[in-house]
Amino acid sequence: LHKPAGYVSATEDKRDRTVMELVPSDRKGMFPVGRLDKDTEGLLLITNDGALAHDLLSPAKHVEKTYYAVIDGVVTEKDVNSFENGVDIGEEKLTKPGKLRILKSEPESEIELTITEGRFHQVKRMFEAVGKKVLYLKRISMGPLQLTNDLKPGEYRPLTEEEITALKIVNK
């Protein structure tokens, strides 16, 4: 699913529209794998395979998730180094190392960030920790899955057999 902003990553919610409203109602037992914030868009896997979902989300499996973001402020090489070493986002442990790539740095920055965890508001909190604010956030990949330009916000498609196999291989 290419999750649009404005939807919550949940099977049901009393206040907000959920991502499950974007897929056919006959998809019983389906659920989103992990969460994207309400204002975040991008790749969100919807499945009925609990074991696969668990493996994709387990920090021990180190499944990479890559995000594109627009940042208020100039992202620098110092930030790249900070992210490589793990960032203090106010929890007991630093984040696991992240790979930060600067695409553009003035006046707003555009970046790609690859992380292997999924802590609450993690990307936003990592940038706040280095004195910057995320203005726009989009997940562009999860493990071997890439969000393609032909899948517009709100659209979904079934995974191919090759993609399912690749997801299961990445989790071994």
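Treat the numbers as computed from the prediction; the structure is a model and nothing was measured.

K.L.:
Describe the packing of aromatic side chains, and please don't skip the residues or the numbers.
P.N.:
To describe a pair of aromatic rings, one takes the distance between the centres and the angle between the planes. Under the criterion given, the structure shown has 2 aromatic pairs. Aromatic pair F83 and F127: ring centres 4.9 Å apart, planes at 50°, arrangement tilted. One end of the pair, F83, is in helix α2 (residues 77-85); the other, F127, is in helix α3 (residues 122-129), with 44 residues separating them in the sequence. Exposure class is identical for F83 and F127. Each is buried. Here R17 stacks its cationic end above the ring of Y7, 4.3 Å away from the centre of that ring.

K.L.:
So what's going on with the pattern of salt bridges? Which residues, and what values?
P.N.:
A pair can form between side chains of opposite charge whenever their charged atoms are brought close. Scanning the model with the defined rule gives 13 salt bridges in all. Between D16 and K38 there is a salt bridge, with the nearest N and O atoms lying 2.6 Å from each other. With D16 in the loop between β1 (2-3) and β2 (31-32) and K38 in the loop between β2 and β3 (41-43), this residue pair connects regions lying 22 residues apart in the sequence. Relative accessible area serves as the criterion here: at 38%, K38 is assigned to the partly exposed category. Note that R119 and E91 form a salt bridge whose closest N and O atoms lie 3.1 Å from each other.

K.L.:
Mind laying out unusual backbone geometry, listing which residues take part and the relevant values?
P.N.:
At the junction of E106 and P107, the peptide bond is cis and its omega measures out at -15° in the coordinates. The residue H62 is not glycine, and still its phi comes out positive at about 55°. Take H62: it is sitting in the loop between α1 (50-57) and β5 (65-72). Overall, H62 belongs to the partly exposed group, its relative accessible area being 46%.

K.L.:
Describe the pairing of strand β7 (residues 108-115), listing the residues and the values that go with them.
P.N.:
The sheet contact formed by β5 and β7 spans 8 bridges and is antiparallel. Paired with Y68 across the two strands is E112, which belongs to β7. Examined bridge by bridge, strand β6 (residues 99-104) and β7 share 5 bridges and lie antiparallel to one another. From the neighbouring strand, K99 faces β7, where its bridge partner is T114. The hairpin formed by β6 and β7 contains 3 residues between the paired strands.

K.L.:
Can you explain α2? Please cite residues and give values.
P.N.:
Along α2, the residues classified as buried are D79, V80 and F83. Buried residues along α2 cover an arc of 105° about the axis, so they all sit on one side. Every exposed residue of α2 that faces more than 90 degrees away from the buried side is listed here: E77, K78 and N85. In this structure, the buried side of α2 is in contact with β6, β7 and α3. Two residues or fewer after α2 comes G86, characterised by a positive phi angle close to 90°.

K.L.:
Any chance you could break down the nonpolar core for me, citing the residues and the numbers?
P.N.:
Core analysis: the biggest nonpolar cluster contains 27 residues, and L100, I111, L113, V123 and F127 have the highest contact counts within it. Elements with a contribution of two residues or more to this core: β5, α2, β7, α3 and β8 (133-142). Setting aside its immediate chain neighbours within four residues, L113 contacts K65, T66, Y67, F83, G98, K99, L100, V123, M126 and F127.

Criteria and cut-off values
Residues numbered from 1 in each chain as written. Predicted model: local features only at pLDDT ≥ 70, side-chain atom pairs only at ≥ 80, totals over all residues. Heavy atoms only, no water. Phe/Tyr/Trp six-rings, centres within 6.5 Å; stacked < 30°, edge-to-face > 60°. Helix = DSSP H or I, 4+ residues; strand = E, 2+ residues; numbered from the N terminus. Buried < 20%, exposed > 50% of the residue type's maximum accessible area, 1.4 Å probe, protein only. Lys NZ or Arg CZ within 6 Å of the ring centre and 35° of its normal. Salt bridge = Lys/Arg side-chain N within 4 Å of Asp/Glu carboxyl O. Pairing = 2+ DSSP bridges. Arc of directions from axis to C-beta. Contact = heavy atoms within 4.5 Å. Core = buried A, V, L, I, M, F, W, Y, C linked by side-chain atoms within 4.5 Å.

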